[in-house]
Amino acid sequence: MSRRKTRPRTALRPAPAAPAPAGTPDSPCPCGLDAAYGTCCARFHTGTGGTAPTAELLMRSRYSAFVVRDEPYLLRTWAPETRPGEVDFDPGLRWTGLEIEDTTEGTAFHQHGTVAFTARYVHEGSPGALRERSRFARHEGAWVYVDGDFTE
C-alpha cells in the first residue's frame, strides 16, 4: 500500500481589488487632481459643493462631466449666449486624460479667465488629443464656459 504525500497547504490570498469604475465616488477623479471623484468634481456635478470657485476648477469639472457624460452639468455651466440645446456625446469616444497648460485670471478676484489645456482621448481605438484655449466668465456670480479656440 502506497502512501500519498500531502502537499503543504497554501493560504488563499484575496484577489487584488479592482479599481473603481470611472465616475464612481471612490474612483480617481478624471480631472487629474489627486483626489477621488466623489470629493473632487462630483461635488460640483451634484451641487453639494456649490460652484467651482475658479475658471480652472470649472474646466476640470467640465472635463470630468464629459468623461461621465453628465449633460445637465455641462449645460448648466455653459454661458447662456453660447449654450447649445444639447450635448452630443460620441459613443466611440473615451476621454483618457487632462493636462492644464496655462491659466490667465479666472480667480475669485476676476470676472473673466482663460484656461489652455490638452484633453487626450481614444476614438474607435485610435488615440488623439484636443487642444483648446477656453474662455470663461462670471454669470450670476458663477463661472461658466463661454467658448474656446482650438490650438495646435
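Our structure's up above, just so we're on the same page.
Below is a summary of the structure that appears in this document. (Residues numbered from 1 in each chain as written. Predicted model: local features only at pLDDT ≥ 70, side-chain atom pairs only at ≥ 80, totals over all residues. Heavy atoms only, no water.)

## As for the packing of aromatic side chains
The line we're drawing: Note on ring pairs: Phe, Tyr and Trp rings are taken, using the six-membered ring of Trp, and paired if centres are within 6.5 Å. Classes follow the plane angle, with under 30 degrees stacked, over 60 edge-to-face and the rest tilted. Put simply, DSSP H or I for four residues or longer makes a helix, DSSP E for two residues or longer makes a strand, and each gets a number counted from the N terminus. The rule is simple: take the accessible area with a 1.4 Å probe, protein chains only, and divide by the maximum for that residue type; under 20% is buried, over 50% is exposed, in between is partly exposed. As a reminder, the over-ring test applies to NZ of lysine and CZ of arginine, requiring each to be within 6 Å of the ring centre and within 35 degrees of the ring normal.
Under the counting rule described, the total for this entry stands at 6 aromatic pairs. Aromatic side chains tryptophan 95 and tyrosine 121 sit 5.7 Å apart centroid to centroid with 75° between the ring planes, which places their arrangement in the edge-to-face category. In this pair, tryptophan 95 sits in strand β1 (residues 93–105) while tyrosine 121 sits in strand β2 (residues 112–123), placing the two residues 26 residues apart along the sequence. Exposure remark for tyrosine 121: the relative accessible area of 23% places this residue in the partly exposed category. Joined through ring pairs, the aromatic side chains of Tyr63, Phe66, Phe89, Trp95 and Tyr121 make up one cluster. Positioned above the aromatic ring of tryptophan 78 is the side chain of arginine 62, whose terminal nitrogen or guanidinium carbon lies 4.8 Å from the ring centre.

## Let's talk about the pairing of strand β3 (residues 126–139)
Two faces make up the sheet, and in a regular strand the side chains alternate between them. Quick reminder of the rule: DSSP-based pairing: two strands are paired if at least 2 bridges between them are found.
By the bridge criterion, 12 bridges tie β2 to β3 in an arrangement that is antiparallel. Across the sheet, residue phenylalanine 117 finds its bridge partner in β3, namely glutamate 132. What sits between β2 and β3 in their antiparallel hairpin is a turn of 2 residues, with glutamate 124 showing a positive phi close to 50°. Summarising the sheet, β3 and strand β4 (residues 142–150) pair through 8 bridges and their orientation is antiparallel.

Nothing here speaks to function; it is geometry throughout.
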